[in-house]
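Close look at the chain arrangement
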Amino acid sequence: MSDAAQTSKPRGLNINWRYIWYQISRSPLMMIGSSIIAIVLILVIFAPLFATHDPNAISLRERLAPPSWDHFFGTDEVGRDLYSRILYGGQQSIAVGFFVVVLAGGIGTLLGAFSGLVGGRLDTAIMRLMDVVLSVPSLVLVLALAAALGPSLQNAALAIAIVRIPFYVRLARGQTLLVREMAYVTAAETFHAKKRHILRWHILPNIMSPILVQTTLDLGNTILLASALSFIGLGAQQPTAEWGAMVATGRNYILDQWWYSAFPGFAILITATAFNLFGDGLRDILDPKQKAR
Amino acid sequence: MSFLNVVRRRLIFLVLVLLGVTLITFTISHLIPGDPARMIAGDRATPEIVAKIRDDLGLDRPLYEQYARYVTGIVQGDFGTSIRPRRPVLEDLRIFFPATLELALVALLVATSLGVPLGVASAVWKNKLIDQFVRVIAVTGISTPAFWLGLLVILLFYGQLGLLPSGGRIDPSMDVPATITGFLLVDSLLAGRFDAFASAFKHLILPAFTLGFVHLGVVARQVRAALLDELQQDYVRTARANGISSFRIVFTEALPNAMIPSITVLGLALGDLLYGAVLTETVFAWPGMGAYVVNSIQALDFPAVMGFTVVVSLAYVLINLAVDLIYMAVDPRIREVS
């Protein structure tokens, strides 16, 4: 590893954060998205501070109570406070979201960048394999995997992460093919820099923008998908508070106790919308070509 | 590259996909803890019976032999046998598929008939209020949990207003018209049963709207992007210079051209709707493939789940292939470029 290559450029992700912040402050939809994300994250992470009740405290006298000052979102069939359960339930949903994008994004990006950098037969083999997985509808594959792994939120998250990997592989490889033609990569190769060095210091920092956009959009999608799996019984199990599972149980009471399903579902909607608004706006900022349209 | 060459290449890819998907489902089936022979035999079966079933299924053979047997079966139309009742998965899916396809097609109709006008409006009034509104609708659409939206519309239109039924395909007290196409709307018309048609139609509204809403925004955004591209073309400028009204330029000149790339999105949407129906069907007790697979998952009937996975994946790939071919046939430019 040559010292010159390491010291010549200060390293980090090549993303202009001040420019991004300037753009965010100019886009109303992105402002809305990022504000909601901030509020949701604070409420969920500090759930013990904001919760009014113990999320698992049973109180049969108050079962299926409508929304009131004591129980903002009403109570469920054993009298647990739905507002507090939604706050704690968000921890599950959001943890799954981050777990999936970190795992799928991490493995997928490394594999894609590696594949694009080495090229040749190995690259072709990896990409054909990814094409095959990508040609299968992801929900179907996730269902099959999650069913086989067994019903639990961890397994659902693992299934989603596995199915998401090829998306990142393709994205990272495409970007790598562009970046590896750059003069600084050619220069590094001229100095016989090792592949690992080029990958770490030249390729990865420069392909991060689109991947960052993808992870943001994926956070929303993952939260949706995980809650859908919980809804059909493949995700979180009772008595864990989780948004999709709460909608599923509330379904039995939908006609008379609408609040039971309505509020947890609304939490999913708001969170997913916020991440999608944010990701959509981020794409416009990081990919000015699209914005020009 | 000629049309035939593309077709040939795509068919080779189709074989690859078949091998890949079956490899995935085969691997998954072998990851499942527990003994499939024991599951089929039931808890009270003697070891001899279990051994016989294991022998029949070839479970004691080497893995590659089992896989070869599995793929050969699929090529011959044997997608596996569900555990309880022991029925060929393909037979089951053949019964449930028309219901899902009918729902998906009507949902596509909902998404298109609302999405195209919204897309046109947001392209014509780019960056105006309507454009922002469509953007919000699009983002909300893809962020809405369909199962939850389904519950809300049931609550409103069935629970509160009592206007529409909450689930099923047709009024349970009504005689179902003889199955010809499997589409209840068509079958009831063919049988001249207008009461059955009305009932089937009413039962379709809520699930089709729920499923369609999720894709409405995607269609609108696609039409918007395609139309904006067209409106920047020289022929549009020429038409404007010649004093042709904006209305005519949009609807008779630009929109038809913009619809060509949109075909791809519509085709893909149909594929998405087919498997997206899994969740919607569960909520509305719609007797289609989605409800079938969810029941199978809950009954731990893995052969049924894997059969479903293979069938839907193949259908999805075939739809995509068909869409690409239509696209090439409609737009000669694509043929030349690719």
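This text follows the structure it describes.
The notes below deal with the structure included here. (Residues numbered from 1 in each chain as written. Chains lettered and ligands numbered in written order. Predicted model: local features only at pLDDT ≥ 70, side-chain atom pairs only at ≥ 80, totals over all residues. Heavy atoms only, no water.)

Time to look at the overall build of chain A. The number of helices and strands found in chain A is 14 helices and 0 strands. Counting from the amino terminus, helix and strand elements in chain A follow one another as α-α-α-α-α-α-α-α-α-α-α-α-α-α. In terms of overall dimensions, chain A has C-alpha extents of about 75 × 45 × 40 Å along its principal axes. Within chain A, the proportion of its 293 residues that are buried is 53%. Considering only intrachain contacts with a sequence separation of at least 6, the fraction spanning at least 24 residues in chain A is 70%. Just so you have it, chain A exposes about 13,300 Å², and 64% of that area is on carbon and sulfur atoms. Counting 23 positive and 17 negative side-chain charges, chain A places the averaged centre of each group 12 Å from the other. (Helix = DSSP H or I, 4+ residues; strand = E, 2+ residues; numbered from the N terminus. Buried < 20%, exposed > 50% of the residue type's maximum accessible area, 1.4 Å probe, protein only. Contact = heavy atoms within 4.5 Å. Areas by Shrake-Rupley, 256 points an atom, 1.4 Å probe, with all protein chains shown as cover. Lys, Arg positive; Asp, Glu negative; His and termini not counted. Charge placed at Lys NZ, Arg CZ, Asp CG, Glu CD.)

What follows concerns a nonpolar patch on the surface. Residues and elements named next belong to chain A. There is a patch of nonpolar side chains on the surface, built from Ile42, Ile45, Phe46, Leu49 and Phe50 and spanning about 520 Å² of accessible area. Secondary structure elements with two or more residues in the nonpolar patch: helix 3 (28-45) and helix 4 (47-50). Checked against the element boundaries, phenylalanine 46 lands in the loop between helix 3 and helix 4. You can call phenylalanine 46 partly exposed: its relative accessible area is 43%. (Patch = residues over 30% accessible without salt bridge, like charges linked within 9 Å, V, L, I, M, F, W, Y side chains within 5 Å. Salt bridge = Lys/Arg side-chain N within 4 Å of Asp/Glu carboxyl O.)

Contact with chain B, which involves 49 residues of that partner, is made by 42 residues of chain A. Summing both sides of the interface, chain B and chain A together bury roughly 4,000 Å²; the carbon and sulfur share of this comes to 78%. Area buried by chain B at its contact with chain A is led by Phe147(B), Trp148(B) and Leu151(B), which between them contribute 16% of it. Counting across the chain B and chain A interface gives 1 salt bridge. Across the pair Asp280(A) and Arg135(B) runs a salt bridge whose closest N-O atoms are separated by 3.4 Å. There are 7 residue pairs in polar contact (both at pLDDT 80 or more) connecting chain B and chain A. Of all the secondary-structure elements, those providing two or more residues to the side of chain B that touches chain A are helix 1 (3-31), helix 6 (129-143), helix 7 (146-160), helix 9 (194-231), helix 11 (246-284), helix 12 (289-298) and helix 13 (302-330) of chain B. The element contributing the most residues to the side of chain B that touches chain A is helix 13 of chain B, with 9 residues. Of the residues that constitute the side of chain B that touches chain A, the class distribution is 35 nonpolar, 10 polar and 4 charged. (Buried area = accessible area lost by both parts, 1.4 Å probe. Polar contact = N/O pair within 3.5 Å; in protein donor to acceptor, adjacent residues only side chain to side chain. Nonpolar A, V, L, I, M, F, W, Y, C, P; charged D, E, K, R; others polar.)

Residues and elements named next belong to chain A. With 12 residues, helix 7 (residues 138-149) ought to run about 16 Å at 1.5 Å a step, and its terminal C-alpha atoms sit 16 Å apart, in line with that. Where burial is concerned, most of helix 7 is hidden: 11 out of the 12 residues are buried. Considered for burial, the residues of helix 7 that qualify are Ser138, Leu139, Val140, Leu141, Val142, Leu143, Ala144, Leu145, Ala146, Ala147 and Ala148. Trailing helix 7 by a residue or two, glycine 150 shows a phi angle of about 105°, which is positive. (Expected span 1.5 Å × (residues − 1).)

Let us now look at the packing of aromatic side chains. The full count for this structure, using the stated rule, is 14 aromatic pairs over all chains. Here Trp258(A) and Trp259(A) contribute two aromatic rings whose centre-to-centre distance is 5.8 Å and whose plane-to-plane angle is 80°, an arrangement assigned as edge-to-face. Residue Trp258(A) is classed as partly exposed on the basis of its relative accessible area of 36%. Trp259(A) gets classed as buried once you look at its relative accessible area, which sits at 6%. Between Phe26(B) and Tyr70(B), the aromatic rings sit 6.0 Å apart at their centres with planes inclined by 35°, giving tilted as the arrangement. Within this pair, whereas Phe26(B) is found in helix 1, its partner Tyr70(B) is found in helix 4 (residues 63-75), the two being separated by 44 residues in sequence. The partly exposed category is assigned to Tyr70(B), whose relative accessible area is 21%. What links up through ring pairs into an aromatic cluster is the set Phe72(A), Phe73(A), Tyr83(A), Trp258(A), Trp259(A) and Phe263(A). Here the guanidinium or amino end of Arg164(A) rests over the ring plane of Phe167(A), the centre of that ring lying 3.8 Å away. (Phe/Tyr/Trp six-rings, centres within 6.5 Å; stacked < 30°, edge-to-face > 60°. Lys NZ or Arg CZ within 6 Å of the ring centre and 35° of its normal.)

On to the nonpolar core. A general feature of soluble globular proteins is that nonpolar side chains tend to end up buried together. By size, the foremost hydrophobic cluster in this structure holds 119 residues, and its most contacted members are Ile203(A) and Phe147(B). Counting residues in hydrophobic clusters, the runner-up holds 42 residues, among them Leu103(B), Phe183(B), Leu184(B) and Leu270(B). (Core = buried A, V, L, I, M, F, W, Y, C linked by side-chain atoms within 4.5 Å.)

Take the pattern of salt bridges next. Counted by the stated rule, this structure contains 13 salt bridges over all chains. Two residues, Asp280(A) and Arg283(A), come together in a salt bridge whose shortest N-O distance is 2.6 Å. Of this pair, Asp280(A) and Arg283(A) both sit in helix 13 (residues 259-286), 3 residues apart, roughly one helical turn. For Asp280(A), a relative accessible area of 10% puts it in the buried group. Since its relative accessible area comes to 29%, Arg283(A) is described here as partly exposed. Arg193(B) serves as the salt-bridge partner of Asp195(B), at 3.2 Å between the closest nitrogen and oxygen. A relative accessible area of 42% means that Asp195(B) is categorised as partly exposed. In the salt-bridge network here, residues are joined through shared partners; they are Asp76(A), Arg80(A) and Arg85(A).

Within the secondary structure, Thr309(B) is located in helix 13. Residue class for Thr309(B) comes out buried when judged on its relative accessible area of 1%. When near neighbours in sequence (up to four residues on either side) are disregarded, Thr309(B) contacts Val140(A), Ala144(A) and Thr25(B).

On to helix 9 of chain B, then. Residue and element names in this part refer to chain B. An ideal rise of 1.5 Å per residue puts 56 Å on 38 residues; helix 9 reaches only 45 Å between its terminal C-alpha atoms. Residue phenylalanine 213 marks the point of greatest curvature in helix 9, where the axis turns by about 40°. Burial of helix 9 is extensive: 27 of the 38 residues sit out of reach of the surface. (Bend = angle between axes of the 7 residues up to and from the residue.)

Attention now moves to the environment of Leu255(A). With respect to the secondary-structure elements, Leu255(A) resides in the loop between helix 12 (243-250) and helix 13. Assessed through its relative accessible area of 36%, Leu255(A) is described here as partly exposed. In contact with Leu255(A), not counting residues within four places along its chain, are Ile154(B), Leu155(B), Tyr158(B) and Gly159(B).

Fair warning: the whole summary comes from geometry, so function is off the table for now.
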